[in-house]
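# Inside the fold
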Amino acid sequence: MKNNLFNLIDLEKRRQASTVNLIASENYASSAVLAATGSVLTNKYAEGYPGRRYYGGCEIVDQVETYAIEAGKKLFKADHVNVQAHSGASANFAVYFSFLKLGDTVLGMSLTAGGHLTHGHHINFSGKFYNFIPYGVDQESERINYDQLEQLAQQHKPKMIVAGASAYARLMDYERLAKIAQSVNALLFVDMAHIAGLVAADIIPSPVPWADIVSSTTHKTLRGPRGGMIITKQALGATLDKSVMPGCQGGPLMHVIAAKAVAFDEARHPSFKTYANNVVTNAITMAKTFSDLGYRLVTGGTDTHLFLLDLRDTKNHGTLTGKDVEELLGKCGIIVNRNTVPFDTQSPLITSGIRMGTPALTTRGFGKKEVEQVAVWIDDIIRHRNDDNQLETITDNVKKLCEQFPIPTGTL
Ligand SMILES: Cc1ncc(COP(=O)(O)O)c(C=O)c1O
């Protein structure tokens with residue numbers, strides 16, 4: 001069984017090495033992050049917080065968590081940081097549990113506009129426990145409709161406004177969001193899970209000065225271990241900590257917390273700023289290549305690490321869904337995910353869009369030439385989807401490109 005499992009891990013390592021990964025929420029963690037994640041810290045129970053644990057033997061892990069908290073505060077110029085949230089969804093659960101009562105009214109971006117399930121979708125706990133009022137994007141510009149948001153805030157007087165997204169390619173106006181929240185006495189909560197690495201590197205504006213609470217994952221653009229974190233203004237810190245533990249979690253994952261600290265330190269290195277800058281440049285380049293090839297992009301392009309192709313515009317390819325294209329590209333070694341586009345009429349399982357992001361391939365060292373090439377291959381695959389010879393040639397070329405740009409860490 002053990003052998004079998006390690007064979008599977010090896011197979012996954014090979015799959016990652018031999019495919020081009022355009023999933024906007026994935027990345028390749030460094031060997032230092034992997035080493036901390038795979039360390040003996042996994043053996044330790046440490047319920048509580050540094051200096052206030054419910055277990056003995058915590059003198060070393062206390063230092064680990066304190067180090068991670070201080071590194072997180074320094075990186076995001078934050079008053080208070082909690083590094084115990086197990087994931088992005090757990091972080092958001094803890095935020096709502098801290099500052100809302102069951103049934104409270106909250107504004108959140110709808111899933112089809114680019115928001116996340118935990119921002120009030122009816123099948124998620126958030127939509128079941130709280131009275132979420134969805135806001136969306138303007139039909140024409142496909143950017144957040146702040147006037148509509150303000151109107152909804154005035155009308156519904158929410159306790160909290162949630163901003164942040166999983167599939168929104170443009171910058172958000174945190175100052176305007178903060179003003180709207182203040183005007184109705186609501187807390188502003190920004191979920192920066194997708195963009196945290198770009199914020200850490202100071203490539204795009206930070207929500208931290210404007211929001212009362214900021215949550216994040218640590219594994220997307222930030223390139224750390226799979227996990228979550230929560231930043232608050234000082235006055236809210238004690239309430240938040242109490243609701244993470246004992247409120248909604250038990251023992252912290254000390255190995256993951258150590259790996260978060262490694263990632264926070266890595267993100268302060270000048271080379272990470274170059275990396276984050278290249279992520280955005282690559283996304284803009286790739287989006288422009290698709291646009292030049294005749295594809296329609298949601299909002300016309302991107303300011304960040306991701307963009308969305310709208311497959312409802314059928315002139316390049318006839319009728320195709322997000323599911324069709326995800327499967328087609330996957331067969332040729334290019335990994336993407338289907339995604340709804342604003343005002344989509346297809347279900348989230350089918351969708352009319354494809355989301356693409358550049359964090360992972362930029363970690364591999366892809367630059368302008370390579371991302372343009374990948375966009376051209378994607379167009380070729382879509383156009384020649386019924387020509388097995390063409391698809392085979394492109395699949396070989398994808399493999400060769402991956403061999404030229406090995407994943408720089410990859411040690412398991
Ligand atoms: C904006 C946003 N918040 C939260 C999450 C949830 O993170 P996790 O998968 O770690 O629970 C995601 C994941 O994709 C996300 O995009």
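Preceding block: the structure.
Presented here is a report on the structure given in the accompanying data block. Every residue gets a number counted from 1 within its own chain, in the order that chain's sequence is written. Selection of residues for local features in this predicted model requires a pLDDT of at least 70, selection of side-chain atom pairs for listing and counting requires 80 or more, and totals for whole chains, interfaces and linings are taken over all residues. To get the side-chain values, all heavy atoms of the structure are used, and hydrogens and water are removed first.

## Concerning the overall build of the chain
Within the chain, the secondary structure is distributed over 15 helices and 15 strands. Only the C-alpha atoms count toward the radius of gyration. The rule for a globule is 2.2 Å times the residue count to the power 0.38. A globule of 412 residues ought to have a C-alpha radius of gyration of about 22 Å, and the chain, at 21 Å, matches this closely. Structurally, the chain occupies a C-alpha span of about 65 × 55 × 40 Å along its principal axes. Within the span of the chain, comprising 412 residues, buried residues form 56% of the whole. Two residues form a contact once any of their heavy atoms are found within 4.5 Å. Within the chain, contacts between residues at least 6 apart in sequence are counted, and of these 72% link residues at least 24 apart. Approximately 17,800 Å² of the chain is accessible, and the part contributed by carbon and sulfur atoms is 53%. Here Asp and Glu are counted as negative and Lys and Arg as positive; His is not counted, and neither are the chain ends. Here the site of a charge means atom NZ of a Lys, CZ of an Arg, CG of an Asp or CD of a Glu. Charged side chains in the chain number 41 positive and 40 negative. The centres of these two groups are separated by 3 Å. Per the convention used, a helix needs a DSSP run of H or I reaching at least four residues, while a strand needs a run of E reaching at least two, with both numbered from the N terminus. The cut-offs for exposure are 20% and 50% of the maximum accessible area for each residue type, with area from a 1.4 Å probe on protein chains only; residues under the lower value are buried, those over the upper are exposed, and the others partly exposed. With residues, only the protein chains shown are counted as cover, and all accessible areas are computed by Shrake-Rupley using a 1.4 Å probe.

## Some points on the sheet that holds strand S12 (residues 306-310)
Paired strands, in this sense, are two strands between which DSSP finds at least two bridges. Pairing is antiparallel in the open sheet, where four strands are placed in the order S11-S12-S15-S14. Sheet topology places strand S11 (296-297) and strand S14 (337-339) at the edges, where each strand pairs with a single neighbour. The axes are straight lines fitted to the C-alpha atoms, using for helices just the contacting stretch, and the angles between their N-to-C directions are given from 0 to 180°. In the packing of helix H11 (residues 270-292) onto the sheet, contacts are made with S11, S12 and strand S15 (353-357), and the angle to S12 comes to roughly 15°.

## A short note on the side chain of Thr118
The residue Thr118 is located in the loop between strand S5 (105-109) and helix H5 (125-129) in this model. Since its relative accessible area comes to 1%, Thr118 is described here as buried. A polar contact of 2.8 Å, which involves the side chain of Thr118, links it to the side chain of His116. Among all residues touching Thr118, those that are not within four sequence positions of it are Ala89, Asn92, Tyr96, Asn124, Phe125 and Ser126. Think of a polar contact as two N or O atoms within 3.5 Å of one another; within protein, one of them needs to be a possible hydrogen donor and the other a possible acceptor, and neighboring residues in sequence only count if both atoms come from side chains.

## Things to note about helix H9 (residues 237-248)
End to end, H9 covers 16 Å across 12 residues, agreeing with the expected 16 Å (1.5 Å per residue, within 8%). Among the residues of H9, Gly237, Leu240, Asp241, Ser243, Val244 and Met245 are the ones counted as buried. Along the axis of H9, the buried positions cluster into a sector of 165°, meaning they face one direction only. Across from the buried face of H9, at angles greater than 90 degrees, the exposed residues are Ala238, Lys242 and Pro246. Close packing links the buried residues of H9 with strand S2 (48-49), strand S4 (80-82), helix H4 (88-99) and strand S10 (228-232). The length a helix should cover is 1.5 Å for every residue beyond the first. The directions from the helix axis to the C-beta atoms form the arc being described.

The values reported here are purely geometric and, on their own, carry no functional implication.
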